[in-house]
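Each chain, letter by letter, is given below.
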Amino acid sequence: MRKLSLIFPMAGQGARFGYRFKPFLDVDGQSFIEAAVAPFRSFVGEIRRIHFIVTAEQDREHDVRIRLARMFEGLPFDVTLLAAPTEGPAETLLACLDAHETDGPILVCDCDHAVEVEGLIAATRRNDLAGAMPTWSLDGDSLNSWGVAAVRGDGRIEAIAEKRRPDRGEKFRGVIGCYYFADGGAVRRAIREHHLIYLSDVVAEWLVQGLPVLSIPVTHGRFFGDPARLARVAAAAE
């Protein structure tokens, strides 16, 4: 079994939090990034390396590498420094994949949620999938907060869109910002050749090719990607 590269892009500008460095904000007494990594600690034996991505400016202003070394002592990790902000998440990921020549299985996750990952990790052990994504019920939630996947009865994703329902499909679920791709090298080539912006664009490219991408339903998680969601997490902890 090939081990995963677990990747956390953290180079966003944090506009919804007043342009503060979001990964080091506090949720329930720990930083966002500590909370996001925590569900994966039980599966560290299946992770080759954890990659964090920030800009060089963020590293200088927030001592990112020093603080991460304290938070994740004993875990295999490195930090990819971007010279400047990128045009989107796909380009940010590409910089990391190129820097480390990562061609094996990759798992790319945002740092603003902590969800159950057992089903996702189980999907990474399969040999019949090109990718997989944890998904969440959209009941009562605004589509503006989600990527949206159309999911078939067998669990395979048939279409995906950002902040709206795809043009086809009958059952729709929210895409949690966590993407498994079985072939990091193929992701590198797709981003570069097609000038992709979002990771959902990579998924859409896989679907065009007829490659199997699985929805992993998740029912337990904490989401703290904006002040309102963070306030709900804090209220639930009281």
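Treat the numbers as computed from the prediction; the structure is a model and nothing was measured.

Caption draft 1: Spotlight on the packing of helix α4 (residues 89–100) against helix α6 (residues 184–194). One way to put it is that α4 packs onto α6 with a least axis distance of 10 Å and a crossing angle of 130 degrees. Taken together, α4 and α6 sit at an angle that is classed as oblique. At the point where α4 passes α6, the crossing takes the left-handed sense. Of the residues in α6, those touching α4 at A90, E91, L93, L94, L97 and D98 are G184, V187, R188, I191 and R192.

Caption draft 2: How the structure looks around the state of the cysteines. Summed over the entire model, instances satisfying the criterion amount to 1 disulfide. Put simply, C109 and C178 are joined by a disulfide, and their sulfur atoms are 2.0 Å apart. In this pair, C109 is assigned in strand β6 (residues 106–109) and C178 in strand β12 (residues 178–181), connecting sequence segments 69 residues apart. By relative accessible area, C178 is classed as buried at 2%. In this structure C96 is not part of a disulfide, and its nearest cysteine sulfur, from C109, lies 13 Å away. Distance from the sulfur of C111, which forms no disulfide, to the nearest cysteine sulfur (C109) is 10 Å.

Caption draft 3: Quick peek at the pattern of salt bridges. Tallied over the entire structure, the rule returns 12 salt bridges. As a salt-bridge pair, D112 and K22 come within 3.3 Å of each other at their nearest N and O atoms. Here the residue D112 occupies a position in the loop between β6 and β7 (113–115), and K22 occupies one in the loop between β1 (4–9) and β2 (26–27), the gap between them amounting to 90 residues. A relative accessible area of 13% means that D112 is categorised as buried. Classification of K22 as buried rests on a relative accessible area of 16%. In this structure, D154 and R152 form a salt bridge, with 2.5 Å as the shortest nitrogen-oxygen distance. We classify D154 as partly exposed; its relative accessible area is 46%.

Caption draft 4: The packing of aromatic side chains, seen in detail. Per the counting criterion, the structure on display carries 11 aromatic pairs. Ring centres of W146 and F223 lie 5.8 Å apart, and the angle between their planes is 75 degrees; this geometry places the pair in the edge-to-face category. Residue W146 is located in the loop between β8 (131–136) and β9 (147–151), and its partner F223 is located in strand β14 (residues 221–223); the two are separated by 77 residues in the primary sequence. The residues W146 and F223 share a single accessibility class, namely buried.

Caption draft 5: Quick peek at the confidence of the model for the protein. Taken as a whole, the protein shows an average pLDDT of 94; of its residues, 99% reach a score of 70 or greater. Within the protein, the lowest mean pLDDT, 88, falls on helix α8 (residues 227–237), and the highest, 98, falls on helix α1 (residues 32–37).

Caption draft 6: Spatial organisation of empty space enclosed by the protein. This model, assessed by the stated rule, comprises 2 cavities of 30 Å³ or more. Counted as a void, the largest cavity has a volume near 50 Å³. F8, A36, P39, F40, C109, D110, H113, A114, V115, V117 and C178 are the residues that line the largest cavity. Class assignment for the residues of the lining of the largest cavity results in 9 nonpolar, 1 polar and 1 charged. Taken as a whole, the second largest cavity holds about 40 Å³ of empty space.

Caption draft 7: Main features of the pairing of strand β4 (residues 47–55). With respect to burial, β4 is a largely interior element, 7 of its 9 residues being buried. Pairing analysis gives 6 bridges linking β1 to β4, with the strands arranged parallel. Across the sheet, L6 pairs through a bridge with I50, a residue of β4. Alignment of β4 against strand β5 (residues 77–82), held across 6 bridges, turns out to be parallel. Residue pairing across strands places V54 opposite L81, the latter belonging to β5.

Thresholds, definitions, all that
- Residues numbered from 1 in each chain as written.
- Predicted model: local features only at pLDDT ≥ 70, side-chain atom pairs only at ≥ 80, totals over all residues.
- Heavy atoms only, no water.
- Axes fitted to C-alpha atoms, helices over the stretch in contact; angles between N-to-C directions.
- Helix = DSSP H or I, 4+ residues; strand = E, 2+ residues; numbered from the N terminus.
- Parallel < 35°, antiparallel > 145°, perpendicular 65-115°, else oblique.
- Left-handed = near helix turned anticlockwise from the far one by under 90°.
- Contact = heavy atoms within 4.5 Å.
- Disulfide = S-S within 2.5 Å.
- Buried < 20%, exposed > 50% of the residue type's maximum accessible area, 1.4 Å probe, protein only.
- Salt bridge = Lys/Arg side-chain N within 4 Å of Asp/Glu carboxyl O.
- Phe/Tyr/Trp six-rings, centres within 6.5 Å; stacked < 30°, edge-to-face > 60°.
- pLDDT = per-residue confidence, 0-100.
- 1 Å grid on protein atoms, 1.4 Å probe; cavity = no way out; pocket = protein on both sides within 12 Å on 5 of 7 lines; lining within 4 Å.
- Points joined across faces, edges and corners; volume = space filled by probe spheres on them.
- Nonpolar A, V, L, I, M, F, W, Y, C, P; charged D, E, K, R; others polar.
- Pairing = 2+ DSSP bridges.

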